[in-house]
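Residues per chain, in single letters:
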Amino acid sequence: MAKSILREAKVEVNGVDLSNHVQKVTVTKKADEQDVTAMGAKSKETLLGISDDMIQVTFYQDHAEGSVNRTLSPLQGSNTPFKIKVTHSSGSISKTNPAWEIEECILPEFTPLDGQVGSAETTDCSFKPAGGEGLKELTS
Amino acid sequence: MPDGKAATTYEVVGRQAVLGRAKGDRITSAEIGDETQEQRLLDSGAIKPITPEAQPAPTTTTSPGTKPEAGATPKE
């Protein structure tokens, strides 16, 4: 497989395709590390604990109907989960074009206004699982 | 969708595509499938309702037997 340039990642939040406002997207798979080193050990022993996955997106802000601000603002601060899905590139999901999905996620923090004079208005969002199955990788 | 609630057809009116539909396309509440998501899409201005389906227009027929009988006099 050739080296890859990210050009067409698709980001859907609550069913709304916000891809054309995405500057950066990061899918993080992570688990807590638990130190279980005991007497007699010659090196640290670590076990994985609870997963702590997330999807981080930097959006170019847009206050139009149905766009970034109007989509994300009502999602922040609600414990009613929604879905976020990120696909590596346009086209069908496959092993070579995977997607990542949090079926039940929440948006704990949202910054509707963040910028300085003359700069592009952006907002950084961290989408976190609200229980359920957490982050899933889709290959079909 | 719970039984007894008529399906609603929406038009995608926001700048962004919704569930694979572009601006101007139609989508039904059944296709959205989740009432909370449907309400959030409505609140965000991404979709707007077009016409409710399966809601017949109200009829204006009068039922027989409601007219006063001929010759009847009102009681005082």
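**Here's the deal with the pattern of salt bridges**
All names here are of chain A.
Move 1: Applying the stated criterion across every chain, the model contains 8 salt bridges over all chains.
Move 2: Residues E137 and K29 are paired through a salt bridge, measuring 3.5 Å at the closest nitrogen-oxygen approach. Here the residue E137 occupies a position in strand β10 (residues 135–138), and K29 occupies one in the loop between β3 (22–28) and β4 (31–35), the gap between them amounting to 108 residues.
Move 3: In this structure E137 comes out as partly exposed when scored by relative accessible area, which is 42%.
Move 4: For K83, the salt bridge identified is with E101, shortest N-O distance 3.7 Å. Remark: E101 occurs in strand β8 (residues 99–106) and K83 occurs in strand β7 (residues 82–87); sequence separation between them is 18 residues.
Move 5: Residue K83 is classed as partly exposed on the basis of its relative accessible area, which comes to 36%.
Move 6: Members of the salt-bridge network, linked through shared partners, are K83, E101 and K136.

**Topic: the environment of G40 of chain A**
All names here are of chain A.
Move 1: Assignment of secondary structure puts G40 in the loop between β4 and β5 (46–51).
Move 2: Among the residues examined, G40 registers a relative accessible area of 74% and is labelled exposed.
Move 3: Put simply, G40 and C105 are 65 residues apart on the chain and 42 Å apart in space, counted from C-alpha to C-alpha.

**A closer look at the interface of chain A and chain B**
Move 1: On the chain B side, the residues contacting the 19 residues of chain A number 14 residues.
Move 2: Taken together, the two surfaces of chain A and chain B that pack against each other cover about 1,300 Å², and 46% of this comes from carbon and sulfur.
Move 3: There are 1 salt bridge connecting chain A and chain B.
Move 4: At the junction of chain A with chain B, the criterion picks out 13 residue pairs in polar contact (both at pLDDT 80 or more).

The rules we used
- Residues numbered from 1 in each chain as written.
- Chains lettered and ligands numbered in written order.
- Predicted model: local features only at pLDDT ≥ 70, side-chain atom pairs only at ≥ 80, totals over all residues.
- Heavy atoms only, no water.
- Salt bridge = Lys/Arg side-chain N within 4 Å of Asp/Glu carboxyl O.
- Helix = DSSP H or I, 4+ residues; strand = E, 2+ residues; numbered from the N terminus.
- Buried < 20%, exposed > 50% of the residue type's maximum accessible area, 1.4 Å probe, protein only.
- Contact = heavy atoms within 4.5 Å.
- Buried area = accessible area lost by both parts, 1.4 Å probe.
- Polar contact = N/O pair within 3.5 Å; in protein donor to acceptor, adjacent residues only side chain to side chain.

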